[in-house]
Amino acid sequence: LAAGKVERLYRSGRCEVLYATGTRKDVLPSGLQTVFFCNGDVKQTATSRRVVYYHAEADTTHVSEPDGTQLYHFPNGQVERHFADGLKEIVFADGSLKVILPSGEVHEQVGAAGPLGV
């Protein structure tokens, strides 16, 4: 093991790695990995390559899907989905929807229930 790193294996199959920086990583037998950073951020990586990153200071969650789709949840209730082809869907807390096409063309609906199901 590298200096400043402690690894603990549990009977359950869970592995915990403690780093000198205070960062902690848990790896479950299923392959799910969760990293707890000193600043309060949390990164969870599934075997499907789906990554969920919680930014503590901004109270924002960023989900990266294996297909390249990016999903952002903001503390004000806004949710954005960015697709690999450049399409963006933004649902605001009031239910308004903005769609930005890859061409840059913008479509807006006030008070509409968005395709994100929020």
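Anything mentioned here points back to the structure above.
Residues numbered from 1 in each chain as written. Predicted model: local features only at pLDDT ≥ 70, side-chain atom pairs only at ≥ 80, totals over all residues. Heavy atoms only, no water.

Q: How should I be thinking about the pairing of strand E5 (residues 42–45) in this particular structure?
A: Where a strand is regular, its side chains alternate between the two sheet faces. Relative to E5, strand E4 (residues 33–36) runs antiparallel, the two being bridged by 4 bridges. Following the sheet pairing, Val35 is matched in E5 by Lys43. Hairpin connection between E4 and E5: a loop of 5 residues separates the two successive antiparallel strands, and Gly40 in this loop has a positive phi of roughly 95°. Direction of pairing for E5 relative to strand E6 (residues 51–55): antiparallel, over a ladder of 4 bridges. The residue of E6 that forms the bridge with Lys43 is Tyr53. The hairpin formed by E5 and E6 contains 5 residues between the paired strands, and Arg49 there has a positive phi angle of roughly 80°. (Pairing = 2+ DSSP bridges. Helix = DSSP H or I, 4+ residues; strand = E, 2+ residues; numbered from the N terminus.)

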